[in-house]
Amino acid sequence: MLNLRDFSETDIPLFTEWLNKDYIKKWYTETEEWLKEVSCEDFAFVHHFIVTDNSKPIGFCQYYEYSQSGEDWHGTADIKDTYSIDYLIGEKEYLGKGFGTQLLRLLTEKIFEETNAVKIIVKPEKENAASRNTLLLAGYFYNAENDIFIFKRQESCR
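Quantities reported herein were computed from a predicted structural model and do not represent experimental measurements.

Calculation notes
- Residues numbered from 1 in each chain as written.
- Predicted model: local features only at pLDDT ≥ 70, side-chain atom pairs only at ≥ 80, totals over all residues.
- Heavy atoms only, no water.
- Pairing = 2+ DSSP bridges.
- Helix = DSSP H or I, 4+ residues; strand = E, 2+ residues; numbered from the N terminus.
- Axes fitted to C-alpha atoms, helices over the stretch in contact; angles between N-to-C directions.
- Contact = heavy atoms within 4.5 Å.
- Buried < 20%, exposed > 50% of the residue type's maximum accessible area, 1.4 Å probe, protein only.
- Arc of directions from axis to C-beta.
- Parallel < 35°, antiparallel > 145°, perpendicular 65-115°, else oblique.
- Left-handed = near helix turned anticlockwise from the far one by under 90°.
- Nonpolar A, V, L, I, M, F, W, Y, C, P; charged D, E, K, R; others polar.
- Right-handed = clockwise from strand over helix to strand, strands pointing away.
- Salt bridge = Lys/Arg side-chain N within 4 Å of Asp/Glu carboxyl O.

*Asks:* Whenever I open this one, the sheet that holds strand β6 (residues 141–143) confuses me. Can you help?
*Replies:* Pairing is mixed across the open sheet formed by seven strands, whose spatial order is β1-β2-β3-β4-β5-β7-β6. Each end of this open sheet is capped by a strand with a single partner; those strands are β1 (2–6) and β6. Ignoring strand direction, the axes of neighbouring strands in this sheet form an average angle of 35°. Pairing of strand β4 (residues 82–89) with strand β5 (residues 119–122) involves three bridges; the strand directions are parallel. Each residue of the ladder has a partner; that of serine 84, found in β5, is isoleucine 121. Where helix α1 (residues 12–19) meets the sheet, its contacts fall on β2 (46–53), β3 (56–65) and β4, and the angle it forms with β3 comes to roughly 90°. The strands touched by helix α4 (residues 99–114) are β1, β2, β3, β4, β5 and β7 (148–152); relative to β4, the strand with the most contacts, the crossing angle is about 150°.

This is the structure in structure tokens:
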């Protein structure tokens, strides 16, 4: 069973190791920028986590309020109360076994529990078929107009 725990300074060596793996470095190309982000107060608006399987660290994820990031890849999508995420499976033996989908579902649930998010948007590279497929399996839908994946908060019945 997967869990998320807060990222700590002691996780930096493991995160560095993951970022330098070929199958991760392909998508997370700026290792130093990622390391700066997890340790710099300038990024305090980003919530970082280590993904664990029965307390074994297997991956990393984060979420942030999109409007605070300064990013502009959302196209014409409304970004009010919108969050975004990043994620990776760092342990190769966990790839292709559904752990990414579990990770995304867990992170999505956490965002909606802890924030006022109306939706979550993500824009993996077009060539990253595994990530794009994982988003679909986790319940995100593809918005072709803006080339982003979206998960909207479910309205509760009253």
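*Asks:* Honestly, α1 in this entry has me stumped. Any pointers?
*Replies:* For an α-helix, the turn length of 3.6 residues means that residues three or four places apart are oriented alike. Along α1, the residues classified as buried are Phe15, Trp18 and Leu19. Looking down the long axis of α1, one finds its buried residues gathered within 95° of arc, a one-sided arrangement. Buried residues belonging to α1 abut α2 (22–25), α3 (31–39), β2, β3 and β4.

*Asks:* Looking at this structure, I do not really get the environment of lysine 80. What am I missing?
*Replies:* Among the secondary structure elements, lysine 80 is positioned in the loop between β3 and β4. Separated by 32 residues in sequence, lysine 80 and phenylalanine 112 place their C-alpha atoms 14 Å apart.

*Asks:* Could you clarify how one ought to interpret the packing of α1 against α3 in this entry?
*Replies:* Packed helices, taken two at a time, are described by their axes: the angle between them and the distance between them. Two elements in contact, α1 and α3, have axes whose closest approach is 10 Å; the angle formed by their N-to-C orientations is 155°. Judged by the inter-axis angle, α1 sits roughly antiparallel to α3. Between α1 and α3 lies a crossing whose hand is right-handed. For the pair formed by α1 and α3, the contact residues are Ile12, Phe15, Thr16 and Leu19 on the first element and Thr31, Trp34, Leu35, Val38 and Ser39 on the second. A per-class count over the contact of α1 with α3 returns six nonpolar, three polar and no charged.

*Asks:* What is the right way to look at the pairing of β5 in this model?
*Replies:* Strand residues, when the strand is regular, have side chains that alternate between the two faces of the sheet. By the alternation rule, side chains of β5 split into Lys119 and Ile121 and Ile120 and Val122, which are all buried. Taken together, β4, α4 and β5 constitute a β-α-β crossover, and its handedness is right-handed. Inspection of the sheet shows β5 paired to β7 by four bridges, in the antiparallel sense. Paired with valine 122 across the strands is phenylalanine 149, a residue of β7.

*Asks:* Before we go on, may I ask you to explain the pattern of salt bridges in this structure?
*Replies:* Side chains bearing opposite charge may pair, as long as their charged atoms lie close to each other. One pass over the structure, following the stated rule, counts seven salt bridges. Of the charged contacts in the structure, one is a salt bridge between lysine 56 and glutamate 93, with a shortest N-O distance of 2.9 Å. Taken together, the positions of lysine 56 in strand β3 and glutamate 93 in the loop between β4 and α4 put the pair 37 residues apart, joining distant regions of the chain. Judged by relative accessible area, lysine 56 falls into the partly exposed class, the value being 34%. The salt bridge involving glutamate 114 is made with lysine 110; its shortest N-O contact spans 2.9 Å. Taken together, the residues glutamate 114 and lysine 110, both in helix α4 and four residues apart, mark about one turn of the helix. We classify lysine 110 as buried; its relative accessible area is 19%. By sharing partners, the salt bridges in this structure join Lys123, Lys126, Arg132 and Asp147 into a single network.

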